[in-house]
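# Architecture and fold: a report
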There are 2 protein chains.
Amino acid sequence: MTDPVESGSVPRRNIRLVVSYDGRRFHGWQRQPEPILTVQGCLEQAICRVVGHPVTVNGTGRTDAGVHALGQGANFRTTNLAIPLDSLRRAADSKCPGDIAILSAREAPDDFHASISALGKTYRYRIHVAPAKPAMLAGRVYHCPVPLDVDLMADAAARLVGRHDFRGFASSAEQRQDTRRTIRRCTASAHGDEVHVTVSGDGFLYKMVRNITGTLIEIGRGRWGPERIDLLLASRDRRDGGPTALPGGLYLVSVLYPDGETGVAGGD
Amino acid sequence: MTDPVESGSVPRRNIRLVVSYDGRRFHGWQRQPEPILTVQGCLEQAICRVVGHPVTVNGTGRTDAGVHALGQGANFRTTNLAIPLDSLRRAADSKCPGDIAILSAREAPDDFHASISALGKTYRYRIHVAPAKPAMLAGRVYHCPVPLDVDLMADAAARLVGRHDFRGFASSAEQRQDTRRTIRRCTASAHGDEVHVTVSGDGFLYKMVRNITGTLIEIGRGRWGPERIDLLLASRDRRDGGPTALPGGLYLVSVLYPDGETGVAGGD
């Protein structure tokens, strides 16, 4: 049976969202059978209660369990033409749990799709460098108890910019054949007690940002020099890289669309 | 039976700690019977495993359930004279759950007591002002969806500085007869999307900072003028104030001792 909302056989609106969430409680973005808690599942339930019919919420990035989002892109279609956008946003936001927020909602052309229409994404990985655990940031940062050489990490990060085969930074579970991607920007910089690794690109392989970060941490600790990146890009062998950094430090910061980026304040 | 460690009948060290915690999972600071999770209980268990005997950890402030600490003061006595302080701190910190951190440990004179020796404390209340819930800050800030007039709040806050009878800001559960306290500093200021209420004083009544904040929020929303504070200080009647602000926005920032403040970076 075809879904009349999704097929477009009834009048409908395509609603575009920017969503933020704390990933700690969730088994990732992607809907799973009850009672497994997912971000997509919670959003779909909340919006269903507001528009009065089941919806499918497409997300730009299928973040893993424990990964956070500051500006996740999403869209859904509704046949409810009556409810004003701001009321819809406010009502759906209030029906989501406290660790999921709907930051904005606006109408989009019918062919807009949060994932297919996206030109790129920016991720940030937060490393907290201090002797003691950061209690207020448990599950939000990776705690590194030893100093990191940020200059070496920045040098290494810059070597990732451009179009490369990132097979060496992909999880062995990566299914896609074409592992070439374009990284527009890759930086490592100090922010108080933290080192932030920020990566913008047209697409990412499975666990790519966490594998990049794990490798940069080893370089920052002095295990390898920055040229380790060149070796990895050439060998395309995951075993040449550092361990996969824990999910809790990773943030989907923003999504780039033809008309601009999801509205999250820049920073580094 | 007298505890030989606490009575001082055996050689012992008095260890002074600075502790930080995310209060969300805990039923407050104060130890309670198992299986109720408390900060004091977790710290005592962790330290016991390191020093090899049961300990009593005194805290400066008995924070309520859901209240956080950036620089809680604490101390305990141990007959373990062998383990170096830094090893003790590191081992006990690693045995605490991720949302409790032991930031520092140093030796103190035998008569030092985290609560009795304290000259004052600084609390901060974080109010997040934005149309959408702050998903990454659930349980860490109070979410206010309407604008606040920070100038009016700052005017009101300044009226609390000095020695006053704060009965009108105390919970009805407050047992102490003398409700006069000295507030050294009380400010309300904007920080990006947040308004911070910061209060430093020699002592605080039960729920006093949350009742001050609840009243300042009503003033910021325009329900009352700043002179409402004068009325409350005069009437000493809790019913003249605003609602008690939720615990999740409150932080014990630092403790003032004769030799300085617990080591937390200042800010506002």
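Because the structure is predicted, anything quoted here is derived from the model rather than measured.

Right, let's get into the interface of chain B and chain A. Across the boundary between the two partners, chain B contributes 26 residues, which contact 26 residues of chain A. Together, the buried faces of chain B and chain A total about 1700 Å²; carbon and sulfur atoms form 57% of this surface. Contact with chain A buries area across many residues of chain B, yet Lys133(B), Ala135(B) and Met136(B) alone supply 42% of it, more than any other trio. Viewed at the interface, chain A and chain B are joined by two salt bridges. For Asp93(A), the salt bridge goes to Lys133(B), with nearest N and O atoms at 3.0 Å. Across the contact surface, chain B and chain A share six residue pairs in polar contact (both at pLDDT 80 or more).

Residue and element names in this part refer to chain B. Where burial is concerned, most of strand 10 (residues 250–257) is hidden: seven out of the eight residues are buried. Sheet topology note: the strand 3 (residues 68–78)/strand 10 ladder contains two bridges and is parallel. Bridge pairing links His68 to Tyr251 in strand 10. Both strand 10 and strand 11 (residues 260–261) contribute to a ladder of two bridges, which runs antiparallel. Across the sheet, the residue bridging to Leu256 is Glu261, located in strand 11. Hairpin remark: strand 10 followed by strand 11, antiparallel, with two residues in the connecting loop.

To continue, consider the confidence of the model for chain A. Across chain A, the average pLDDT comes to 94, with 97% of residues at 70 or higher. Listed scores for the predicted complex are pTM 0.88 and ipTM 0.82.

Residues and elements named next belong to chain B. With their axes 8 Å apart at the nearest point, helix 4 (residues 150–158) and helix 5 (residues 208–220) run at an angle of 140° to one another. Considered as vectors, helix 4 and helix 5 are oriented oblique to each other. Two packed elements cross with a definite hand, and for helix 4 against helix 5 that hand is right-handed. Two secondary-structure elements touch here, helix 4 through Leu152, Met153, Ala156 and Ala157 and helix 5 through Leu216, Ile217, Ile219 and Gly220. Of the residues belonging to the contact of helix 4 with helix 5, the class tally is seven nonpolar, one polar and no charged.

Residue and element names in this part refer to chain A. Listing the buried residues of helix 4 (residues 150–158) in full gives Val150, Met153, Ala156 and Ala157. All buried residues of helix 4 lie within an arc of 120° about the axis, which places them on one face of the element. Tucked inside the fold, the buried residues of helix 4 contact strand 5 (120–129), strand 8 (180–191), strand 9 (194–201), helix 5 (208–220) and helix 6 (228–235). Capping of helix 4 at its N-terminal end is provided by Asp149; its side-chain oxygen lies 3.1 Å from the backbone amide nitrogen of Asp151.

Here we take up the side chain of Thr262(B). All names here are of chain B. Here Thr262 shows up in the segment after strand 11. The class of Thr262 is buried, set by a relative accessible area of 6%. Within the local environment of Thr262, its side chain forms a polar contact with the backbone oxygen of Gly71, the two atoms lying 3.1 Å apart. Here Val255 takes part through its backbone nitrogen, which lies 2.9 Å from a polar atom of the side chain of Thr262.

Take the relation of the copies chain B and chain A next. Screw-axis analysis of chain B against chain A gives a translation of 0.0 Å along the axis, an RMSD of 0.0 Å, and a rotation angle of 180°. Such a combination of turn and shift is consistent with a two-fold rotation axis. Using C-alpha coordinates, one finds that chain B approaches the rotation axis most closely at Leu137(B), a distance of 5.2 Å. Taken together, the interface assignments show that 100% of the residues at the interface of chain B recur at the interface of chain A, consistent with an identical surface on both copies.

What follows covers the packing of aromatic side chains. All names here are of chain A. In the structure shown here, the tally under the stated rule is eight aromatic pairs over all chains. Between Tyr21 and Trp29, the ring centres sit 6.1 Å apart and the planes meet at 35°, which makes this aromatic pair tilted. Note on Tyr123 and Phe204: the rings are 5.1 Å apart at their centroids and 85° apart in plane angle, and the pair reads as edge-to-face. Taken as a pair, Tyr123 in strand 5 and Phe204 in the loop between strand 9 and helix 5 lie far apart in primary sequence, 81 residues in all. Each member of the pair, Tyr123 together with Phe204, is buried.

Turning next to the side chain of Asn14(B). Residue and element names in this part refer to chain B. Within the secondary structure layout, Asn14 lies in strand 1 (residues 13–21). Only 3.4 Å separates the side chain of Asn14 from the backbone oxygen of Asp110, close enough to count as a polar contact. At a separation of 2.9 Å, a polar atom in the side chain of Asn14 contacts the main-chain carbonyl oxygen of Phe112. Residues within four places of Asn14 in sequence aside, it is in contact with Asn75, Phe76, Arg77, Arg106, Glu107, Ala108, Pro109, Asp110, Asp111 and Phe112.

Bringing the pattern of salt bridges into the picture now. All names here are of chain B. The final tally for this structure, using the stated rule, is 43 salt bridges over all chains. When the shortest N-O distance is used, the salt bridge between Arg12 and Asp110 registers 2.7 Å. Taken together, the positions of Arg12 in the loop between helix 1 (4–7) and strand 1 and Asp110 in the loop between strand 4 (100–108) and strand 5 (120–129) put the pair 98 residues apart, joining distant regions of the chain. Between Arg126 and Glu194 there is a salt bridge, and its shortest N-O distance comes to 2.8 Å. Here Glu194 lies in strand 9 (residues 194–201) and Arg126 lies in strand 5, a separation of 68 residues in the sequence. Taking the relative accessible area as the measure of exposure, Glu194 reaches 10% and is therefore buried.

Parameters at a glance
Residues numbered from 1 in each chain as written. Chains lettered and ligands numbered in written order. Predicted model: local features only at pLDDT ≥ 70, side-chain atom pairs only at ≥ 80, totals over all residues. Heavy atoms only, no water. Contact = heavy atoms within 4.5 Å. Buried area = accessible area lost by both parts, 1.4 Å probe. Salt bridge = Lys/Arg side-chain N within 4 Å of Asp/Glu carboxyl O. Polar contact = N/O pair within 3.5 Å; in protein donor to acceptor, adjacent residues only side chain to side chain. Buried < 20%, exposed > 50% of the residue type's maximum accessible area, 1.4 Å probe, protein only. Helix = DSSP H or I, 4+ residues; strand = E, 2+ residues; numbered from the N terminus. Pairing = 2+ DSSP bridges. pLDDT = per-residue confidence, 0-100. Axes fitted to C-alpha atoms, helices over the stretch in contact; angles between N-to-C directions. Parallel < 35°, antiparallel > 145°, perpendicular 65-115°, else oblique. Left-handed = near helix turned anticlockwise from the far one by under 90°. Nonpolar A, V, L, I, M, F, W, Y, C, P; charged D, E, K, R; others polar. Arc of directions from axis to C-beta. Least-squares fit on C-alpha atoms with pLDDT ≥ 70 in both. Phe/Tyr/Trp six-rings, centres within 6.5 Å; stacked < 30°, edge-to-face > 60°.

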